[in-house]
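Coordinates in review
Residues per chain are reported as follows:
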Amino acid sequence: IEPERYDVGGAGYAYYDADEGNQGEITFRKDEGVDLDENGNGGYVLGWTAKGEWLEYTIDVKYEDTYTFKALVASGVDNSAFSLYIDNEDIVGSSIKVPNTGDWTTYDIVSGKTGLITKGKHILKIGIDGDYVNIDNIVFEASNPTDLQNIKNDVLVEYDIYSLNGILLGSIKSYGNLSEDLANNKYSQGAYLVKAKGTDNTELIIVKK
């Protein structure tokens, strides 16, 4: 989920934003009220968020399953938080706390698990529970997808490495310690989407140096 790709429909239907205009002053969806900013990698982030705001996304769920989610987030304050809903039902069971990462351009991953989500089309909602969380993207991965190979840490697996806006950067082989292996293969500090070849298994990985 890329937060800037919220549904078409306008204020009160596809989103609710507490202030007028796009605080980021960028050209992408500039005539709508959702506050967006550039992420430095050719994409956008949701920012200037306030408690009570929300955005909706029409999604097509591939598997009836529980899911692991990883959200790439930043906040320069304490007590930032958000929730995730499917068809207005909370799928996590509690507010997702966002750590103070020091500023609004230093990103980290928060993760968790959802309840059972049925196959087919749904409306996913991101609700802001605590002010000033920036969200770059949220990656969902099925717990028991039927067409994924069983990847174990004692098996050397080849992974494709993508930027957050979907550009293929290269590939590596790894036993599963992806953050360390990316750093050792001279990938710079930042966030990457990593996909095991031959599967739909995509992970959000942060490299720290």
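Residues numbered from 1 in each chain as written. Predicted model: local features only at pLDDT ≥ 70, side-chain atom pairs only at ≥ 80, totals over all residues. Heavy atoms only, no water.

Brief notes about the sheet that holds strand 14 (residues 190-196)
Put simply, the test is: Strand pairing follows a simple DSSP-based rule, namely that at least 2 bridges must link the two strands. Put simply, DSSP marks the helices as runs of H or I at least four residues long and the strands as runs of E at least two long, and each gets a number from the N terminus on. With axes taken as lines fitted to C-alpha atoms, and helix axes fitted only over the stretch in contact, angles between N-to-C directions fall between 0 and 180 degrees.
Read from one edge of the open sheet, 4 strands run 13-12-14-15, paired in antiparallel fashion. Looking at the sheet topology across the chains shown, the edges are occupied by strand 13 (168-174) and strand 15 (202-207). In this sheet, adjacent strand axes meet at a mean angle of 35° when their direction is disregarded. With 6 bridges joining them, strand 14 and strand 15 adopt antiparallel strand pairing. Residue pairing for strand 15: Tyr 192 is matched across the bridge by Ile 205.

Re the packing of aromatic side chains
Keep this limit in mind: Pairing of aromatic side chains requires ring centres within 6.5 Å, counting the rings of Phe and Tyr and the six-membered ring of Trp. Pairs whose planes differ by under 30 degrees are stacked, by over 60 edge-to-face, and all others tilted. Burial here depends on accessible area, computed with a 1.4 Å probe over protein chains only, as a share of the maximum for the residue type. Under 20% is buried, over 50% is exposed, and the range in between is partly exposed. Geometrically, a charge over a ring is one whose NZ (Lys) or CZ (Arg) sits within 6 Å of the ring centre while staying within 35 degrees of the ring normal.
Applying the stated criterion across every chain, the model contains 5 aromatic pairs. Note on Phe 28 and Tyr 44: the rings are 4.6 Å apart at their centroids and 15° apart in plane angle, and the pair reads as stacked. Residue Phe 28 is located in the loop between strand 1 (15-16) and strand 2 (36-38), and its partner Tyr 44 is located in strand 3 (residues 44-46); the two are separated by 16 residues in the primary sequence. For the residue pair Phe 28 and Tyr 44, the accessibility class agrees, reading buried in each case. Relative to Phe 140, the ring of Phe 69 lies with its centre 6.4 Å away and its plane at 50°, an arrangement referred to as tilted. Of this pair, Phe 69 sits in strand 5 (residues 67-74) while Phe 140 is found in strand 11 (residues 134-142), placing the two residues 71 residues apart along the sequence. Taking the relative accessible area as the measure of exposure, Phe 69 reaches 1% and is therefore buried. The residue whose ring lies beneath Arg 29 is Tyr 6, and the NZ or CZ to ring-centre distance is 3.6 Å. Taking NZ or CZ as reference, Lys 125 lies 4.8 Å from the ring centre of Trp 54, over its face.

Structural notes on the side chain of Thr 49
Rules: Contacts are assigned to residue pairs with any non-hydrogen atoms lying within 4.5 Å of each other.
Examined against the element boundaries, Thr 49 turns out to sit in the loop between strand 3 and strand 4 (54-61). Sequence-distant contacts of Thr 49, defined by excluding residues within four places in its chain, comprise Ile 128, Asp 131, Tyr 132 and Val 133.

Notes on unusual backbone geometry
A positive phi angle is found at Arg 29, which is not glycine, with a value near 50°. Among the secondary structure elements, Arg 29 is positioned in the loop between strand 1 and strand 2. The phi dihedral of Lys 186 is positive, around 70°, even though this residue is not glycine. Within the element layout of this structure, Lys 186 appears in the loop between helix 1 (178-184) and strand 14.

Considerations on the pattern of salt bridges
Our working definition: The salt bridge definition used is simple: a Lys or Arg side-chain nitrogen within 4 Å of an Asp or Glu carboxyl oxygen.
Scanning the entire structure with this criterion turns up 4 salt bridges. Note that Glu 56 and Lys 125 form a salt bridge whose closest N and O atoms lie 3.9 Å from each other. Of this pair, Glu 56 sits in strand 4 while Lys 125 sits in strand 10 (residues 120-130), and the two are 69 residues apart along the sequence. Summarising the burial analysis for this pair, Glu 56 and Lys 125 share the class buried.

Section: the nonpolar core
The line we're drawing: Among the buried residues, those of types Ala, Val, Leu, Ile, Met, Phe, Trp, Tyr and Cys that are joined through side-chain atoms within 4.5 Å form a nonpolar core.
In terms of nonpolar packing, the biggest core is built from 33 residues, with Val 73, Phe 82, Leu 84, Ile 126, Ile 135 and Ile 138 touching the most fellow members. Of all the secondary structure elements, the ones that give two or more residues to this core are strand 3, strand 4, strand 5, strand 6 (80-86), strand 8 (96-98), strand 10 and strand 11. For Ile 138, the contacting residues outside a window of four places in its chain are Ile 1, Phe 69, Lys 70, Ala 71, Phe 82, Leu 84 and Ile 126. Ranked by size, the runner-up nonpolar core spans 12 residues in total, among them Ile 161, Ile 172, Leu 182 and Ala 196.

Let's talk about the environment of Val 139
Relative to the elements of secondary structure, Val 139 occurs in strand 11. Separated by 64 residues in the primary sequence, Val 139 and Glu 203 place their C-alpha atoms 7.3 Å from one another. Residues in contact with Val 139, not counting those within four places in the same chain, are Thr 68, Phe 69, Lys 70, Leu 193, Thr 202 and Leu 204.

Some thoughts on the environment of Gly 47
Note on placement: Gly 47 falls in the loop between strand 3 and strand 4. Put simply, Gly 47 and Lys 186 are 139 residues apart on the chain and 30 Å apart in space, counted from C-alpha to C-alpha.

Here's the deal with the pairing of strand 5
For strand 5, the tally of buried residues reaches 6 of 8 residues, placing the bulk of the element in the interior. Inspection of the sheet shows strand 5 paired to strand 11 by 8 bridges, in the antiparallel sense. Within strand 11, the residue paired with Thr 68 across the bridge is Glu 141.

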